[in-house]
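Structural description and commentary
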Amino acid sequence: MVEGTAQSYWMASTQPRSYPVLEEDAEADVVVIGGGIAGIATAWELVQAGRSVVLLEADRIAAGVTGYTTGRLSAAHPWIFAQLRDSYGADTARLYARSQQEAVDHVVATAERLGIEADIERRPSHVYVERPDRVDDLRAEAEAAREAGLPASFVTGTDLPYPVAGALRVEDQVQFHPRRYLLALADRFTSAGGRIYERSRAVELSQGRPSRVASDTGGTVRAQDVVVATLFPALGTRLLDSRLTPLRELVVAAPIAAESDPGALYITREENTRSVRTAPYRDGQRLLLVTGESFPPGTTDVADRQRRLVEWTRRHFRIDDVAYWWSAQDLDTADKVPYVGRVEDHLYVATGYARSGMSHGVMSGRLLTRLICGQDSPCADLYSPTREHPRPEVGEVSQTVVTKAKRKVMDHLHAMTGNADDLRAGSGAVLHHNGRLQAIYKDDGSDVHVLSPHCPHSGCLVRFNDTERVWECPCHGCRFALDGSVLQGPAITSLPAADDPSVTR
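This text gives an overview of the structure that appears in the document. (Residues numbered from 1 in each chain as written. Predicted model: local features only at pLDDT ≥ 70, side-chain atom pairs only at ≥ 80, totals over all residues. Heavy atoms only, no water.)

1. Quick notes on the overall build of the chain
The condition is simple: Helix and strand assignments follow DSSP, with helices taken as H or I runs no shorter than four residues and strands as E runs no shorter than two, numbered in order from the N terminus. Throughout, exposure labels follow a simple rule: accessible area from a 1.4 Å probe, protein chains only, divided by the maximum for the residue type, with under 20% read as buried, over 50% as exposed, and the rest as partly exposed. A contact between two residues is defined here by any heavy atoms of the two lying within 4.5 Å.
Counting its secondary structure elements, the chain contains 10 helices and 26 strands. The dimensions of the chain, computed from C-alpha atoms along their principal axes, are 65 × 55 × 50 Å. Counting every position in the chain, which comprises 505 residues, the buried fraction comes to 58%. Considering only contacts in the chain between residues 6 or more positions apart, those separated by 24 or more positions represent 69%.

Pasting the structure below:
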């Protein structure tokens, strides 16, 4: 058992919008695939620039990765500024810092201009260390952030209820309610003439002048430009498969007394990541959100990780019961810089947000709009999805390719031999059964459900997440429901039912 209600607070505290399914053909200047923060921000910026825009979302807008974020909107990304300066030069570090801070400020200005109420709070943001042997490195990171133009300083004291060895503090950052902001922005987008189609998964891209994007609902969108703004790009961008590494993190949320609010945003990469912030909650209370326990999709000890995160939170803060818990997925790149920009003529992508998706998503909308409108951007080369990596990052890309290839082989070798009788109720596993591999799930009533175990995107074997009861692909992060339907791409087709009906209870 895990503690708390398995639901995102952002989802629980907002009502979904309802947009139609794409059942007929449509035309637009631009089609945006993906209804998270990057897709909605891009669609909004484009319609403000005078373009006609169609946005396609496979499920519901702001209900995927964006609905399960922490809502930390900050340019103070962990351990990036010294790396950028040393790998690409001081000018590149300054471009990165400026584009991220401009994204933070743009959300605040947009909400004020449009009258959007999204619990926006200006707070300082901290990257901290508890280990004394990391202090010198963090001092250097703080200096690099300051040189890059951020209002950064190195401090040794914070308002956390436990000591730290040092912290990089950046003033004037933001925490907010991401769904309230994005649902309101989507309303403004449609009022300005934009069109949103939900539960309309893009399954085929035919590039041309115009390009055609076909949906699994039967409708097709014809557009001059295509933006792929899904978490892991599914169409037209397979060149990024080897450059993106999926990971998941857990979030626990618990009420605390308002006077116990640490008053800022905090993140450390120690203890397998701990990120701390609060949000407005009930009278006299704040909601404390703690994120951490990074792990690859397909990891089997999710419940243990959730318990560790709860225990850490209870040890450091005065909490009683956990109100909510959830998990979120993101993608790392080799150099921790996103891939945003033109892949080829009239095809654009936004991905690889390295656990800083709020500012990256807003930055992406601004950058892609400039590129699509034929305007220059000083950030285009920095974020280009076709950029070359320095030698150390090239090695990381190569290692990712090797690791995924090994996983395909080793997972086949290590799959257990057995049948559904070997499984406890509520669990699943990939088993050798009757001469073939099968993904077998036994539900709480001991009924058995059998699927093909091969991810349709990559051929990797899926693994069962007992805590969330989903099938996950460790290679690219695809996630599938118990019936095989796609929960998270880049897969665009379901895990098929196994062709062997002989598995019995």
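2. Quick word on the pattern of salt bridges
Applied cut-off: Salt bridges are counted wherever a side-chain nitrogen of Lys or Arg sits within 4 Å of a carboxyl oxygen of Asp or Glu.
Applying the stated rule across the entire model yields 35 salt bridges. Here Glu-143 makes a salt bridge to Arg-146, at a shortest N to O gap of 2.5 Å. Placement of both Glu-143 and Arg-146 in helix H5 (residues 135–147) is noted, with a separation of three residues, approximately one turn of the helix. Residue classification places Glu-143 among the partly exposed positions, given a relative accessible area of 33%. Judged by its relative accessible area of 45%, Arg-146 is partly exposed.

3. A short note on the packing of helix H2 (residues 37–48) against helix H4 (residues 90–114)
Under the convention used in this document: For helices, the fitted line uses only the C-alpha atoms of the stretch in contact; every axis is such a line through C-alpha atoms, and the angle between N-to-C directions lies from 0 to 180 degrees. By definition in this entry, angles of less than 35 degrees are roughly parallel, angles greater than 145 are roughly antiparallel, angles of 65 to 115 are roughly perpendicular, and the rest are oblique. Each crossing gets its hand from how the near helix is turned against the far one by less than a right angle, where anticlockwise is left-handed and clockwise is right-handed. Note on residue classes: Ala, Val, Leu, Ile, Met, Phe, Trp, Tyr, Cys and Pro are nonpolar, Asp, Glu, Lys and Arg are charged, and everything else, Gly too, is polar.
Remark: H2 packs on H4, axes separated minimally by 14 Å, with the N-to-C direction vectors making an angle of 60 degrees. Taken together, the axes of H2 and H4 lie oblique to each other. The way H2 lies across H4 gives a crossing that is left-handed. For the pair H2 and H4, the contacting residues are Trp-44, Glu-45 and Gln-48 in the first and His-106, Thr-110, Arg-113 and Leu-114 in the second. Partitioning the contact of H2 with H4 into residue classes produces two nonpolar, three polar and two charged.

4. Looking at the state of the cysteines
Going by this rule: To count as a disulfide, a pair of cysteine sulfur atoms needs to be within 2.5 Å.
Under the definition given, this model contains one disulfide. Shown here is the disulfide that connects Cys-460 with Cys-475, its sulfur atoms set 1.9 Å apart. Here the S-S torsion is close to -85 degrees, and the disulfide linking Cys-460 with Cys-475 is therefore left-handed. One end of the pair, Cys-460, is in the loop between strand E22 (448–451) and strand E23 (463–465); the other, Cys-475, is in the loop between strand E24 (470–472) and strand E25 (479–480), and 15 residues separate them in sequence.

5. A closer look at unusual backbone geometry
A cis amide bond links Arg-209 to the next residue, Pro-210, at an omega of 5 degrees. Unlike most non-glycine residues, Lys-336 shows phi in positive territory, near 65 degrees. Secondary-structure assignment places Lys-336 in the loop between strand E16 (324–333) and strand E17 (339–344). Residue Lys-336 is classed as partly exposed on the basis of its relative accessible area of 31%.

6. Some words on the side chain of Glu-270
Going by this rule: For this count, His and the chain ends are skipped, Lys and Arg are scored as positive, and Asp and Glu as negative. Two N or O atoms count as a polar contact when they lie within 3.5 Å, although within protein this holds only if one can serve as hydrogen donor and the other as acceptor, and sequence-adjacent residues are included solely when both atoms are side-chain atoms.
Examined against the element boundaries, Glu-270 turns out to sit in the loop between strand E13 (265–268) and strand E14 (274–280). Here Glu-270 occupies a buried position and makes no salt bridge, while the nearest side chain of opposite charge, Arg-131, is found at 4.4 Å. A polar contact of 2.9 Å, which involves the side chain of Glu-270, links it to the backbone nitrogen of Glu-130.

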